[in-house]
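Survey of secondary and tertiary structure
So the chains spell out like this:
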Amino acid sequence: RTGDPATFRLHYVAHEPIEQPVFGIGIIRLDGAEVCGPNTRESDFAPAMIKGRGHIDFRIDSLPIVPGTFDLSCSLYNYTMSHAYDYRHRSHRFDIEAGDPHAEFGVLALKGSWHIT
């Protein structure tokens, strides 16, 4: 629901060690508009290395997206973003229901208040 906490969990299997991996997600509206695309490099979260099986979580305290249906892309790149180890374009679909703050237009549900003088 809009305003609820959310966690996006990416599972990986690295058959060989990957140094300084960059994990990312993309949230895309059904019409193709990119809502956001956070990744570990932009967030200054740089795992030194991964190997074997594991997962990484991207946590959001309050999901600021209006209700609707969205696709999720997931990626794993090298640190310079020049080589994709794995990229899953629009591989998962999910729905966001109405919540707090209530919003129905646009992409983001901004939590704010109105004042008049």
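So, here is what we can say about the structure in this document. Predicted model, so just to flag it, every value in this text is computed and none were measured.

Turning to the overall build of the chain, a few remarks are in order. Counting its regular elements, the chain contains zero helices and six strands. N-terminal to C-terminal, the α/β element order of the chain is β-β-β-β-β-β. Across its three principal directions, the C-alpha atoms of the chain cover 60 × 30 × 25 Å. Relative to its 117 residues, the chain shows a buried fraction of 36%. Here the contacts in the chain between residues at least 6 apart in sequence split such that 71% fall between residues at least 24 apart. Placing the 11 positive and 15 negative side-chain charges of the chain at their respective mean positions leaves the two points 4 Å apart.

Ordered in space as β3-β2-β5-β6, the four strands form an open sheet in which the pairing is antiparallel. Looking at which strands have only one partner, the edges of the open sheet turn out to be β3 (34–36) and β6 (84–96). If you compare each strand with its neighbour and ignore which way they point, the axes differ by 30° on average. Note: strand β2 (residues 22–29) against strand β5 (residues 68–77), eight bridges, orientation antiparallel. Bridge pairing links Ile-25 to Cys-74 in β5.

Now for the side chain of Asn-78. Mapped onto the elements of the fold, Asn-78 is located in the loop between β5 and β6. Separated by 2.9 Å, the side chain of Asn-78 and the backbone nitrogen of His-83 make a polar contact. Apart from residues no more than four positions distant in its own chain, Asn-78 is found in contact with Gln-20, Val-22, His-83 and Tyr-85.

All right, on to the nonpolar core then. Judged by nonpolar contacts, the single largest core of 21 residues is most densely connected at Phe-8 and Ile-27. Of all the elements in the fold, those that place two or more residues in this core are β1 (6–19), β2, β4 (49–60), β5 and β6. Considering every element that reaches this core, the biggest residue donor is β1, with six residues. Look past the residues within four positions of Ile-27 in its chain and what remains in contact with it is Phe-8, Ala-33, Glu-34, Val-35, Cys-36, Ile-65, Phe-70, Asp-71, Leu-72 and Phe-94.

Before going further, it helps to spend a moment on the environment of Gly-24. Within the secondary structure, Gly-24 is located in strand β2. The buried category is assigned to Gly-24, whose relative accessible area is 7%. Sequence separation between Gly-24 and Ser-73 is 49 residues; the distance between their C-alpha atoms is 8.2 Å. Contact partners of Gly-24, with chain neighbours within four places excluded, come to Leu-10, Pro-38, Asn-39, Ser-73, Cys-74 and Ser-75.

On inspection of all chains with the given rule, the structure shows eight salt bridges. Where Asp-57 meets Arg-59, a salt bridge forms, and the shortest distance between an N and an O atom there is 3.4 Å. Residue Asp-57 is classed as partly exposed on the basis of its relative accessible area, which comes to 25%. You can call Arg-59 exposed: its relative accessible area is 61%. Arg-88 is the partner of Asp-86 in a salt bridge, and the nearest nitrogen-oxygen pair spans 3.0 Å.

Criteria and thresholds
Residues numbered from 1 in each chain as written. Predicted model: local features only at pLDDT ≥ 70, side-chain atom pairs only at ≥ 80, totals over all residues. Heavy atoms only, no water. Helix = DSSP H or I, 4+ residues; strand = E, 2+ residues; numbered from the N terminus. Buried < 20%, exposed > 50% of the residue type's maximum accessible area, 1.4 Å probe, protein only. Contact = heavy atoms within 4.5 Å. Lys, Arg positive; Asp, Glu negative; His and termini not counted. Charge placed at Lys NZ, Arg CZ, Asp CG, Glu CD. Pairing = 2+ DSSP bridges. Axes fitted to C-alpha atoms, helices over the stretch in contact; angles between N-to-C directions. Polar contact = N/O pair within 3.5 Å; in protein donor to acceptor, adjacent residues only side chain to side chain. Core = buried A, V, L, I, M, F, W, Y, C linked by side-chain atoms within 4.5 Å. Salt bridge = Lys/Arg side-chain N within 4 Å of Asp/Glu carboxyl O.

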